[in-house]
Amino acid sequence: MAVDLTQVSQVETEPGELPKTMAAWVIREERFGEPKDAFQLEEVEVPEPAAFEVIVRVMAAGVNYNNVWAALGEPVSVMKYGDHPEFGHHIGGSDASGVVWKVGPGVTRWKVGDEVVVHCNQASYEDVEVHGLDPMAAPSQRIWGYETTWGSFAQFTKVQAQQLLPKPEALSWEEAASYGLVYFTAWRMLITRAKITAGSKVLIWGAAGGLGVFAVQICKAAGAECVGVVSSKEKGELVMQLGAKGYIDRGDFKDMMRSTPPQTGPEEKTRFKASRAFGKEVSGLLGGAPDVVFEHVGTQTFPTSVLTVKPFGKVVICAGTTGFNLDFDVRYLWMKQKEILGSHFANAYECTKANELIESGLIRPVLSQTLGFDGVAEAHQLMRDNKHSGKIAILVGATEEGQGRTAEGPGAIHAEVGA
Ligand SMILES: NC(=O)c1ccc[n+]([C@@H]2O[C@H](COP(=O)([O-])OP(=O)(O)OC[C@H]3O[C@@H](n4cnc5c(N)ncnc54)[C@H](OP(=O)(O)O)[C@@H]3O)[C@@H](O)[C@H]2O)c1
């Protein structure tokens, strides 16, 4: 049955009752490939909430790179993970704002009608790690809307009750749906893993990107000083507006990038010299070498990160956008006793603490573009082709931008640049 896009913002049942079917953007294994073809609109059954689960009516969804990978079926097929084998489809989307529509058995903290945002970590409450170590260590740990189906690119989404956070009242639906995945990841990297404190000096790669705009603001809120790396003057200005002490255009240090396969001989000497010059520039702007380097670029920048961080300093990393195999001179690590810290998303407690700073207006989402529900495939194709600019949100239940604010406050920064 064809989906009537004009009806997506309408729900014919009252809160507490679910309609039989809903509109959803669905990826299936047989059409893995370019996002514009892999994502198709379908009418699918609305799931019922099981114990400790909640069905949220999605008002807006946030777009992340993870569902470009889901569409491509690379580097792995998401269909092997989580609840995908049970349902046979992938409904992506790892950020959402919305209204609690139905609660499953055992849920007491949330009730029908509550306005919420959703963090994307799931884990089974039966795993012992959840109760003593960290849900991120649980064997059942999954990223909702990537390693699970029933994500936010649909009229309704199915989540665990522990994933819900109060929607910041001063944000519109699309602003509230835009920040969770990247902000909470940056929070864990800097606060929990690297343990920045007032006075810490931090170097942030991709500082105008999804993770970066929050890393800069977290540093400022913690009393730490940071320098951001960007690729244009406009992005540099955004980073300064967010509270950085300075910025560097990486175009000025092109030779520092590690290539694949790695440079050798005289080429490596040139690369090393450029890395050193970059480190000097960073130290000049920060008044000393950084205590922490915020990494996610991977192969191309990692040798420079290890070289630039100060003795006994920390490189904290959550991704390898330019490659997963890191090649660097380990002497600069061991002789200067530096640390490399891996980090991945965040637990519910970290998400809650971080969300309080959005609620208070101390940290603000940065949103570049909002599209209608018809724009989900297009948004992911733009990302795939690197033609997007900044963070993209999708209106689902909301009919236009700006709806959903229930209090005065600074709201999001609407920036043309980013990413
Ligand atoms: N593990 C996790 O939990 C987690 C969570 C969120 C994201 N991630 C991953 O983290 C990565 C970044 O995510 P994001 O949302 O911040 O992406 P994004 O919005 O695209 O920003 C990344 C930034 O990196 C910079 N960059 C790109 N190529 C570079 C290069 N060769 N050298 C230096 N800088 C480069 C770009 O900024 P300039 O061009 O201005 O330098 C870009 O804005 C992605 O791979 C994502 O999948 C992981």
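Residues numbered from 1 in each chain as written. Predicted model: local features only at pLDDT ≥ 70, side-chain atom pairs only at ≥ 80, totals over all residues.

1. With respect to the overall build of the protein chain
On a plain count of helices and strands, the protein chain comes out with 13 helices and 19 strands. A compact globule built from 419 residues would reach a C-alpha radius of gyration of about 22 Å, and the protein chain, at 21 Å, matches this within 12%. With 419 residues in all, the protein chain has 50% of them scored as buried. (Helix = DSSP H or I, 4+ residues; strand = E, 2+ residues; numbered from the N terminus. Rg over C-alpha atoms; globule rule 2.2 N^0.38 Å. Buried ≥ 20, exposed ≤ 12 C-beta atoms within 10 Å, placed from the backbone.)

2. Some thoughts on the pairing of strand 14 (residues 314–317)
Taking every second residue as pointing to the same face, both faces of strand 14 are buried, with K314 and V316 on one and V315 and I317 on the other. By the bridge criterion, four bridges tie strand 13 (residues 292–295) to strand 14 in an arrangement that is parallel. Counterpart to E295 in the pairing with strand 14 is I317. The β-α-β motif built from strand 13, the intervening helix 10 (residues 302–308) and the parallel element strand 14 has right-handed crossover chirality. In terms of strand pairing, strand 14 meets strand 15 (residues 339–342) through four bridges, oriented parallel. (Pairing = 2+ DSSP bridges. Right-handed = clockwise from strand over helix to strand, strands pointing away.)

3. Observations regarding the sheet that holds strand 11 (residues 225–230)
Here six strands make up an open sheet; going across it, the order is 12-11-10-13-14-15 and the pairing parallel. Unpaired on one side and paired on the other, strand 12 (246–249) and strand 15 mark the two borders of the sheet. Direction aside, the axes of adjacent strands within the sheet are offset by 20° on average. In the packing of helix 7 (residues 210–222) onto the sheet, contacts are made with strand 10 (201–204), strand 11 and strand 13, and the angle to strand 11 comes to roughly 165°. (Axes fitted to C-alpha atoms, helices over the stretch in contact; angles between N-to-C directions. Contact = placed C-beta atoms within 7 Å.)

4. Quick look at the site of the ligand
Taken together, 27 residues lie around the ligand, and G206, G209, G210, S231 and A319 are the ones closest in. For the shell around the ligand, the secondary structure elements donating two or more residues are helix 6 (180–193), helix 7 and strand 11. Looking at side-chain class alone, the shell around the ligand contains 13 nonpolar, twelve polar and two charged residues. (Near = placed C-beta within 6 Å. Nonpolar A, V, L, I, M, F, W, Y, C, P; charged D, E, K, R; others polar.)

5. A word on helix 13 (residues 376–384)
By the burial criterion, the buried members of helix 13 are V376, A377, A379, H380, Q381 and L382. Where helix 13 is buried, its residues contact strand 1 (21–26), helix 1 (35–38), helix 2 (66–72), strand 17 (369–371) and strand 18 (392–395). Of the residues one or two after helix 13, N386 is the one with positive phi, at around 55°.

6. Side note on the domain arrangement of the protein chain
In terms of domains, the protein chain is made up of domain 1 (5–179 + 365–414) and domain 2 (192–342). Taking only C-alpha atoms, the centre of domain 1 and the centre of domain 2 are 32 Å apart. (Domains from an automatic or database assignment.)

7. Quick notes on helix 6
Residues spaced three or four apart along an α-helix face the same direction, because each turn holds 3.6 residues. End to end, helix 6 covers 18 Å across 14 residues, agreeing with the expected 20 Å (1.5 Å per residue, within 8%). Within helix 6, eleven of the 14 residues are buried, leaving the element largely enclosed by the surrounding structure. Along helix 6, the residues that are buried comprise G180, L181, V182, Y183, F184, T185, A186, W187, R188, M189 and L190. On its buried face, helix 6 is in contact with strand 3 (53–62), strand 5 (115–118), helix 7, strand 13, strand 14 and helix 12 (348–359). Following helix 6 by one or two positions, K195 has its phi on the positive side, about 55°. (Expected span 1.5 Å × (residues − 1).)

8. Focus on the packing of helix 6 against helix 7
Orientation of helix 6 relative to helix 7, taken along the N-to-C sense of each, is 50°, at an axis distance of 8 Å. Between helix 6 and helix 7, the interaxial angle falls into the category oblique. Judged by the sense of rotation from one axis to the other, the crossing of helix 6 with helix 7 is right-handed. Here V182, Y183, T185, A186, W187, L190 and I191 of helix 6 come into contact with helix 7, specifically with G210, L211, F214, A215, I218 and C219. Taken together, the residues of the contact of helix 6 with helix 7 break down into eleven nonpolar, two polar and no charged. (Parallel < 35°, antiparallel > 145°, perpendicular 65-115°, else oblique. Left-handed = near helix turned anticlockwise from the far one by under 90°.)

9. A closer look at the pairing of strand 1
Within strand 1, five of the six residues are buried, which leaves the element mostly enclosed by the surrounding structure. Sheet topology places strand 1 next to strand 2 (residues 40–45); six bridges connect them, and they run antiparallel. In the strand pairing of strand 2, M22 is matched with V44.

10. Overview of the confidence of the model for the protein chain
With 99% of its residues at a pLDDT of at least 70, the protein chain reaches an overall mean of 96. Looking over the protein chain, one finds the lowest element-wise mean pLDDT in strand 19 (residues 413–414), namely 93, and the highest in strand 13, namely 99. (pLDDT = per-residue confidence, 0-100.)

11. Regarding the environment of V117
Here V117 lies in strand 5. Owing to 27 C-beta atoms within 10 Å, V117 belongs among the buried residues under this scheme. Considering only alpha carbons, one finds V117 and Q163, 46 residues apart in sequence, at a separation of 8.3 Å.

12. Observations concerning the environment of L190
Note that L190 resides in helix 6. In this structure L190 comes out as buried when scored by C-beta crowding, with 25 C-beta atoms within 10 Å. As for L190 and A222, which are separated by 32 residues in sequence, their C-alpha atoms are 9.7 Å apart. In this view, L190 contacts I196, A215, I218, C219 and F294; residues no more than four positions away in its chain are not counted.

13. Regarding unusual backbone geometry
The omega angle of the peptide bond from E74 to P75 is -10°, so this bond is cis rather than trans. On the secondary structure map, P75 appears in the loop between helix 2 and helix 3 (84–87). The omega torsion of the bond from T260 to P261 falls at -5°, within 30 degrees of zero and hence cis. Examined against the element boundaries, P261 turns out to sit in the loop between strand 12 and helix 9 (265–286). Positive phi, normally seen in glycine, also occurs at F52, with a value near 65°.

14. Description of the packing of helix 6 against helix 12
It is the contact of helix 6 with helix 12, at a shortest axis distance of 9 Å, that shows an interaxial angle of 100°. When the axes of helix 6 and helix 12 are compared, the pair comes out roughly perpendicular. Where helix 6 abuts helix 12, its residues Y183, F184, W187, R188 and T192 lie against E350, C351 and A354. Tallied by class, residues from the contact of helix 6 with helix 12 come to five nonpolar, one polar and two charged.

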